[in-house]
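# Residue-level structure breakdown
Each chain, letter by letter, is given below.
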Amino acid sequence: MQMRMEALRVFAVGILVGWVLGAVGKEVTGLPSCHFPAIFNFGDSNSDTGGMSAAFYPMVWPFGETFFHEAVGRASDGRLMVDFIAEHLKLPYLSAYLDSLGSSLRYGRNFGVNFRHGANFATGGATILRPNKTLFESGVSPFYLDIQIAHFDQFKARTTSLYNHAKSAFQRRKLPRPEDFSKALYILDIGQNDISAGLSKKEEERQAYIPELVNKLSAAVQHLYEQGARAFWIHNTGPFGCLPVSILYAPNPQGTLDKCGCLKYSNGVAMEFNKQLEEAVVKLRADLPEAALTYVDIYAAKYALISDAKKQGFVEPPEKCCGKRVNGVDVQCGQKANVNGTEVHAASCKNPSSYISWDGVHYTEAANHWFANRIIMGLVSDNSIPIAQACHKAHHV
């Protein structure tokens, strides 16, 4: 039943694609625009705009080649969904909280760190739960959700103090206005790495694991609400079983793939998480009466493209643009390796915009743009409210 409902959602996305593209930029709900003055984002590499790259090792070329023309800390060839959301809301790209200098001084619209219109607390490899291994052992970020929330608390307190003690408008120009914290849009897009970690758990372990994830995410929303946040845009997790890296390392994929070539089991775990997350959002609406919470079905948007890649002008999955596998040796995007005495360089493909997957884990700018065009108009939101009107509460279907 759950997979049937997910298929119906995906079908609806495909049917309404033309309507969405025609409606972008218009107020389709009859509600006034919220005119969000800022965005505060929490998440993993799907929305990290430079945090992990600043904290540890910087990304290398060809990351960023399509739009920024240099590596700017994003796990893509260009912009992420959060970048397109910022553009749609007529806000600058988000500066990473952990980046003291700014990921690009030449391209885009940031021109160095500027927190006037929000901040990004997301880091690549981040999880909802506290990791039990170091970054160097597992690749998981130490900046898990609780730490990101703690960073926000510190950021809010410190910038408010600096703003109030500033002597001039010039000193305040890159600081958020204290009153904007309650008017901002709060985006949460996290859970994919937790799902990955949970795939190896036994059924009885997973029955306790997924509720723990959802409860932790709910607690983060409640904390932000207590800090004055009111408009929440909450993404579920995508079809993990459709990632090229998932399919590549599946021990015996035959018989375990769906009609789109995705791993049924992995996607099943993701859908169970999404089901419980949606139920939690419904409960949060009752518990947080002044909040406007939107649950966004990223899974449906991503699976819709993957299942219709050729018709949408993309190379059919699970092909990826950047990275190579030579004689059983994986050479990661932008890296070099010696394979049987031959140096192999994993460069990008000639036309990244024709691929859905950038490096086997993350999406290309073209795919991110495709997803963003569908989510910003509320097509895959449970309340059908476009993101520009996400400060309003509405009838939830």
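Throughout what follows, the structure given in this document is the object of discussion. (Residues numbered from 1 in each chain as written. Predicted model: local features only at pLDDT ≥ 70, side-chain atom pairs only at ≥ 80, totals over all residues. Heavy atoms only, no water.)

### Let's talk about the packing of helix H4 (residues 81-88) against helix H13 (residues 365-375)
Contact geometry for H4 and H13: axes closest at 8 Å, N-to-C directions at 50 degrees. Between H4 and H13, the interaxial angle falls into the category oblique. Both H4 and H13 take part in a crossing whose hand is right-handed. Side by side, H4 and H13 meet where Met-81, Phe-84 and Ile-85 of the first sit next to Glu-365, Asn-368, His-369, Phe-371, Ala-372 and Ile-375 of the second. (Axes fitted to C-alpha atoms, helices over the stretch in contact; angles between N-to-C directions. Helix = DSSP H or I, 4+ residues; strand = E, 2+ residues; numbered from the N terminus. Parallel < 35°, antiparallel > 145°, perpendicular 65-115°, else oblique. Left-handed = near helix turned anticlockwise from the far one by under 90°. Contact = heavy atoms within 4.5 Å.)

### Observations regarding the packing of aromatic side chains
Applying the stated rule across the entire model yields 23 aromatic pairs. Considering the side-chain rings of Tyr-97 and Phe-155, the 6.1 Å spacing of their centres and the 80 degrees angle between planes classify their relative orientation as edge-to-face. Note that Tyr-97 is positioned in the loop between H4 and strand E2 (118-120) and Phe-155 in helix H6 (residues 145-165), a separation of 58 residues in sequence. Relative accessible area serves as the criterion here: at 4%, Phe-155 is assigned to the buried category. Considering the side-chain rings of Phe-115 and Phe-155, the 5.2 Å spacing of their centres and the 80 degrees angle between planes classify their relative orientation as edge-to-face. Here the residue Phe-115 occupies a position in the loop between H4 and E2, and Phe-155 occupies one in helix H6, the gap between them amounting to 40 residues. Exposure remark for Phe-115: the relative accessible area of 14% places this residue in the buried category. By way of ring pairs, the aromatic residues Phe-40, Phe-42, Tyr-97, Phe-115, Phe-121, Phe-152, Phe-155, Phe-181, Tyr-186 and Phe-232 are connected into one cluster. The side chain of Arg-79 reaches across the aromatic face of Phe-67, ending 3.9 Å from its centre. (Phe/Tyr/Trp six-rings, centres within 6.5 Å; stacked < 30°, edge-to-face > 60°. Buried < 20%, exposed > 50% of the residue type's maximum accessible area, 1.4 Å probe, protein only. Lys NZ or Arg CZ within 6 Å of the ring centre and 35° of its normal.)

### Considering the environment of Arg-177
Summarising the element assignment, Arg-177 is placed in the loop between helix H7 (169-172) and strand E3 (185-189). With near-sequence residues (within four places) excluded, Arg-177 lies in contact with Arg-116 and Tyr-163.

### Things to note about H13
For H13, the buried fraction is high: 9 of the 11 residues fall into the buried class. Taken together, the buried positions of H13 are Glu-365, Ala-367, Asn-368, Trp-370, Phe-371, Ala-372, Asn-373, Arg-374 and Ile-375.

### Some points on the pattern of salt bridges
Any two side chains of opposite charge can pair, on the condition that their charged atoms come close. Taken as a whole, this structure holds 11 salt bridges when the rule is applied. Measuring nitrogen to oxygen at the nearest pair gives 2.9 Å for the salt bridge that ties Glu-87 to Arg-79. Ionic pairing is found between Arg-177 and Asp-180, a salt bridge with its closest N-O pair at 2.9 Å. Accessibility expressed as a relative area gives 25% for Arg-177, which makes it partly exposed. (Salt bridge = Lys/Arg side-chain N within 4 Å of Asp/Glu carboxyl O.)

### Some details on unusual backbone geometry
With an omega of 15 degrees, the peptide bond running from Trp-61 to Pro-62 counts as cis. With respect to the helices and strands, Pro-62 occurs in the loop between helix H3 (51-55) and H4. Here the amide bond leading from Pro-317 into Pro-318 is cis, since omega sits at 10 degrees, within 30 degrees of zero. Following the sequence through the fold, Pro-318 ends up in the loop between helix H12 (298-306) and strand E6 (324-326). With a phi angle near 50 degrees, His-35 is a residue other than glycine that sits in the positive phi range. Counting through the fold element by element, His-35 comes out in the loop between helix H2 (17-23) and strand E1 (39-43). A positive phi angle, near 55 degrees, is found at Asn-340, a position not held by glycine. Following the sequence through the fold, Asn-340 ends up in the loop between strand E8 (336-339) and strand E9 (342-345).

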